[in-house]
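Spelled out from the first residue to the last, the chains are:
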Amino acid sequence: MTTAPATKLRVVFDTNVYFSAFTHPLGPPFRIWQKAVNRSFILLVSPAILREIAHVFRDLLQWQEPGIVARLKLVAKVAVIISPTISVRVIAEDPTDDRILECAVAGEADLIVSGDRHLRKLKSFRSIGIVQPSDFLRTLG
């Protein structure tokens, strides 16, 4: 008797996970990014999240456009791009966090990985768990 392989986790990273993964190559966000590259789980991203990543790299880190484009292409190659058709208003303190929730719902995610306190204080959203990068890394083993 054969058993079907376990389905891979479907995961959405908050923008801060990408920020840390691409700027601190020794921390948990970088290690979970490497696991995404190795297809240990299914990474989900939306155009709104890609725009936010570009904004952070451009405006906060002052990266040059070729470096930003290269990182965005890499994320788009590793992740499944989800185009949410729903809109939520949950995080009044930081409405850009709602784009993470929209991607997770539309992509039928199992988890959201975030270092953001506004998202983490929810603990879950529509049965989608919200965990810190270090907790997700422990989950992956």
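Analysis parameters
- Residues numbered from 1 in each chain as written.
- Predicted model: local features only at pLDDT ≥ 70, side-chain atom pairs only at ≥ 80, totals over all residues.
- Heavy atoms only, no water.
- Salt bridge = Lys/Arg side-chain N within 4 Å of Asp/Glu carboxyl O.
- Buried < 20%, exposed > 50% of the residue type's maximum accessible area, 1.4 Å probe, protein only.
- Helix = DSSP H or I, 4+ residues; strand = E, 2+ residues; numbered from the N terminus.
- Pairing = 2+ DSSP bridges.
- Contact = heavy atoms within 4.5 Å.
- Axes fitted to C-alpha atoms, helices over the stretch in contact; angles between N-to-C directions.
- Phe/Tyr/Trp six-rings, centres within 6.5 Å; stacked < 30°, edge-to-face > 60°.
- Lys NZ or Arg CZ within 6 Å of the ring centre and 35° of its normal.
- Arc of directions from axis to C-beta.

(A) Main features of the pattern of salt bridges. Summed over the entire model, instances satisfying the criterion amount to 4 salt bridges. Salt-bridge contacts for Glu 65 lead to Arg 58; the nearest nitrogen and oxygen are separated by 2.8 Å. A relative accessible area of 38% means that Glu 65 is categorised as partly exposed. Salt-bridge contacts for Arg 99 lead to Glu 102; the nearest nitrogen and oxygen are separated by 2.9 Å. Of this pair, Arg 99 and Glu 102 both sit in helix H5 (residues 97-106), 3 residues apart, which is roughly one turn of the helix.

(B) Quick look at the sheet that holds strand E3 (residues 80-81). Here 6 strands make up an open sheet; going across it, the order is E3-E2-E1-E4-E6-E5 and the pairing mixed. The strands lining the two open edges of the sheet, one partner per strand, are E3 and strand E5 (124-125). As defined by bridge partners, strand E4 (residues 111-113) adjoins strand E6 (residues 128-131) across 3 bridges and the pair is classed as parallel. Bridged to Ile 112 within E6 is Ile 130. Together, strand E1 (10-13), strand E2 (42-45), E4, E5 and E6 form the strand contacts of H5, whose direction differs from that of E1 by roughly 165 degrees.

(C) Here's a closer look at the packing of aromatic side chains. Taken as a whole and assessed by the stated rule, the structure comprises 7 aromatic pairs. Between Phe 41 and Phe 136, the ring centres sit 5.0 Å apart and the planes meet at 75 degrees, which makes this aromatic pair edge-to-face. Here Phe 41, found in the loop between helix H2 (28-37) and E2, pairs with Phe 136, found in helix H7 (residues 133-140); they are 95 residues apart in sequence, far enough to count as distant. When sorted by exposure, Phe 41 lands in the same class as Phe 136, which is buried. Ring-pair connections join several aromatic residues into one group, and the members of that group are Phe 13, Tyr 18, Phe 22, Trp 33, Phe 41, Phe 57, Trp 63 and Phe 136. It is Arg 71 that lies over the ring of Phe 22; its NZ or CZ is 5.4 Å from the centre.

(D) Layout of H2. Here H2 has its buried residues at Pro 29, Ile 32, Trp 33 and Ala 36. Buried residues of H2, viewed axially, fall in a sector of 110 degrees; they line one side. Where H2 is buried, its residues meet E1, helix H1 (15-23), E2, helix H4 (65-78), E4 and H7. Of the residues flanking the end of H2, it is Arg 39, one or two places downstream, whose phi is positive at about 65 degrees.

(E) Spotlight on unusual backbone geometry. Even without being glycine, Glu 108 reaches a positive phi, approximately 50 degrees. Mapped onto the fold, Glu 108 is located in the loop between H5 and E4. Its identity as a non-glycine residue notwithstanding, Lys 123 has a phi of 70 degrees, on the positive side. In this structure Lys 123 comes out as exposed when scored by relative accessible area, which is 63%.

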